[in-house]
Structures are given as C-alpha cells and as structure tokens.
Amino acid sequence: MSEVTARVVLAEDGVLLREGLIGVLGRFGFTVVDAVGDAEQLITAVAAHEPDLVVTDIKMPPDFRDEGLRAAVRLRRERPRLPVVVLSQYVQEEYASDLIGTGDGVGYLLKDRVADIEDFVAALRAVLAGGTVVDPEVVRRLLHRPRDPLAGLSPREREVLGLIAEGRSNSSIAGALFVSETAVGKHVGNILAKLGLPPTDDTNRRVLAVLTYLGARG
C-alpha cells in the first residue's frame, strides 16, 4: 500500500487531539476519510469507507473505559486483514492480548511514550505494511500477567465448576444442566485433572477446585 494513498479512519473523542492527528496524518501522506468520536461511529465508518488503516483511542463514550479497544478487536475479527492501531494512556491487559492475538497488522501504542511524530508515523506505516508494533511496556505487562488457572477449561466445564462452587451435588448439577449424572461426573473428572488436582487420600479435591475457581474470579 502506498504511503501517499493510505486511507485512514480515525476515532478519538477529544476534539483537539482528533484535529491534531488529522493534521499530522495529512502532513505525512495519509488521507483521513472519516474522523469520529465514539466506538459505534467507528464501526459504522469502517463499514462505509473500507479504509486501509484504523487508528483509534481506547477510552471513548459512553463509559470512557475500553470501548475503542473492544471495537478494534471486533473489527479485526470481522476483517482479519484490516490494519488497526490503538492509542492508550494505560495498558488494558485483557483486550490488548485479544487484539495482539488477532494476527499481524496491529499496533498498541501508549500515548505518553509516543514522543516523536516521525516515530509515530513510522509505527503506522509498519502496521499498514502488515507488521506488529507494540509498546515495550505493553509487552512487559502481558508477559508478567498472572496466568488464569481456569484458562484450560471449556465453557461447559466452567459452568459445572461454578455450580460446584454453589455447593451442588452431581445430581443437582445434572438437573440444572439437563444432562445425565454420568456426564457431570466426566466433566468433574476433567476439571480436576486440568486444574492439576490428582487423587489423594487426605484432600477434598472438590474443595480445592472451588478455591481455585473463587481465587480466579477475584
């Protein structure tokens, strides 16, 4: 994709910053085909313009939390080859991992560390060319993020474990999920194995599994 003809959809709720970014992108040969102020408008603009690159802030209306990042992940899932760069003042670990996991052609840049305009533009061009550009602080945070002990469980196994945490017996769980008690027993066995809780004579593995579940939930 030529640096001159790259068409960009920009999402930033701050009017001054949005106008500033439009000016910077224009100076370096990008064409901003639409500039919007929230995540819903971003989704609509991408569908309307089919841009070559998306640049979006993370915090946007209505809640100013992670709307832009969630929209970026959604766009990448719907359009895996669409280059997307997100700008943030902080590391949102869960969705950052999801975005980076969508493949090549993504960027996650921290605003406070984008001190040089030419470096910023170079990062955009790298992502546009199919590269991945991630701020070193984002990498550090993701590498040191505690592993989710429930990550290996299937949705059904998580559901069963949640019911175990409520104190239900296998027969009660079977009734709640409309499955056989034998099926529940298999799920329980899989859960205990995946959580690394081998059979012992002096330990209630269901209690340990519940403690793991509650600890993972926060």
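The rules behind each value
Residues numbered from 1 in each chain as written. Predicted model: local features only at pLDDT ≥ 70, side-chain atom pairs only at ≥ 80, totals over all residues. Heavy atoms only, no water. UniProt positions renumbered as here; feature names shortened; annotations may be inferred. Helix = DSSP H or I, 4+ residues; strand = E, 2+ residues; numbered from the N terminus. Buried < 20%, exposed > 50% of the residue type's maximum accessible area, 1.4 Å probe, protein only. Contact = heavy atoms within 4.5 Å. Pairing = 2+ DSSP bridges. Axes fitted to C-alpha atoms, helices over the stretch in contact; angles between N-to-C directions. Right-handed = clockwise from strand over helix to strand, strands pointing away. pLDDT = per-residue confidence, 0-100. Salt bridge = Lys/Arg side-chain N within 4 Å of Asp/Glu carboxyl O.

- With an unreviewed UniProt entry as reference, the protein is termed DNA-binding response regulator, source organism Actinoplanes siamensis.

### Digging into the UniProt feature "modified residue: 4-aspartylphosphate" (unreviewed entry) in the protein
Line of reasoning, step 1. The sites that UniProt annotates as "modified residue: 4-aspartylphosphate" (unreviewed entry) are Asp57.
Line of reasoning, step 2. Relative to the helices and strands, Asp57 is located in strand 3 (residues 53-57).
Line of reasoning, step 3. Its relative accessible area of 7% is what places Asp57 among the buried residues.
Line of reasoning, step 4. When near neighbours in sequence (up to four residues on either side) are disregarded, Asp57 contacts Ala11, Glu12, Asp13, Gly68, Leu69, Leu87, Ser88 and Lys111.

### Considerations on the environment of Glu78
Line of reasoning, step 1. Along the chain, Glu78 turns up in helix 3 (residues 67-78).
Line of reasoning, step 2. Spatially, the C-alpha atom of Glu78 lies 17 Å from that of Ala96, the residues being 18 residues apart in sequence.

### Section: the sheet that holds strand 4 (residues 84-88)
Line of reasoning, step 1. Pairing is parallel across the open sheet formed by 6 strands, whose spatial order is 2-1-3-4-5-6. The open sheet is flanked by strand 2 (31-36) and strand 6 (132-134), the only strands paired with a single partner. Adjacent strand axes in the sheet meet at a mean angle of 15 degrees when their direction is disregarded.
Line of reasoning, step 2. Two elements, strand 4 and strand 5 (residues 106-110), share 5 bridges in a ladder whose sense is parallel. In the strand pairing of strand 5, Leu87 is matched with Leu109.
Line of reasoning, step 3. The strands that helix 1 (residues 15-27) touches are strand 1 (7-11), strand 2 and strand 4; relative to strand 2, the one it contacts most, it runs at about 170 degrees.

### Examining helix 7 (residues 155-165)
Line of reasoning, step 1. Looking only at helix 7, the buried set comprises Glu157, Val160, Leu161, Gly162, Leu163 and Ile164.
Line of reasoning, step 2. Tucked inside the fold, the buried residues of helix 7 contact helix 8 (170-177), helix 9 (181-194) and helix 10 (205-217).
Line of reasoning, step 3. Just downstream of helix 7, Gly167 is the residue with a positive phi angle, here 90 degrees.

### Focus: the pairing of strand 5
A regular strand places its side chains on the two faces of the sheet in alternate fashion.
Line of reasoning, step 1. Summarising burial for strand 5: 5 of the 5 residues are buried, a large majority.
Line of reasoning, step 2. Because side chains alternate across strand 5, one face comprises the buried residues Val106, Tyr108 and Leu110, and the other comprises Gly107 and Leu109, equally buried.
Line of reasoning, step 3. For the crossover from strand 5 across helix 5 (residues 117-128) to strand 6, the handedness is left-handed.

### Description of the confidence of the model for the protein
Detailed reading of the predicted coordinates is not advisable wherever pLDDT is low.
Line of reasoning, step 1. Mean pLDDT for the protein: 87, with 91% of residues reaching 70 or above.
Line of reasoning, step 2. Looking across the protein, the model is least confident in helix 6 (residues 136-143), with a mean pLDDT of 72, and most confident in strand 1, with 98.

### Some remarks on unusual backbone geometry
Line of reasoning, step 1. Across the junction of Pro61 and Pro62, the peptide omega takes the value 10 degrees, indicating a cis bond.
Line of reasoning, step 2. Tracing the sequence through the fold places Pro62 in the loop between strand 3 and helix 3.
Line of reasoning, step 3. For Phe64, which is not glycine, the phi torsion reads 55 degrees and is therefore positive.
Line of reasoning, step 4. Mapped onto the secondary structure, Phe64 falls in the loop between strand 3 and helix 3.
Line of reasoning, step 5. Looking at Phe64, the relative accessible area reads 42%, which means it is partly exposed.

### Here's the deal with the pattern of salt bridges
Line of reasoning, step 1. Applying the stated criterion across every chain yields a total of 9 salt bridges.
Line of reasoning, step 2. Between Lys111 and Asp57 there is a salt bridge; the shortest N-O distance is 3.2 Å. With Lys111 in the loop between strand 5 and helix 5 and Asp57 in strand 3, the pair connects residues that are 54 residues apart, well separated along the chain.
Line of reasoning, step 3. The salt bridge partner of Arg168 is Glu166, with a shortest N-O separation of 3.3 Å.

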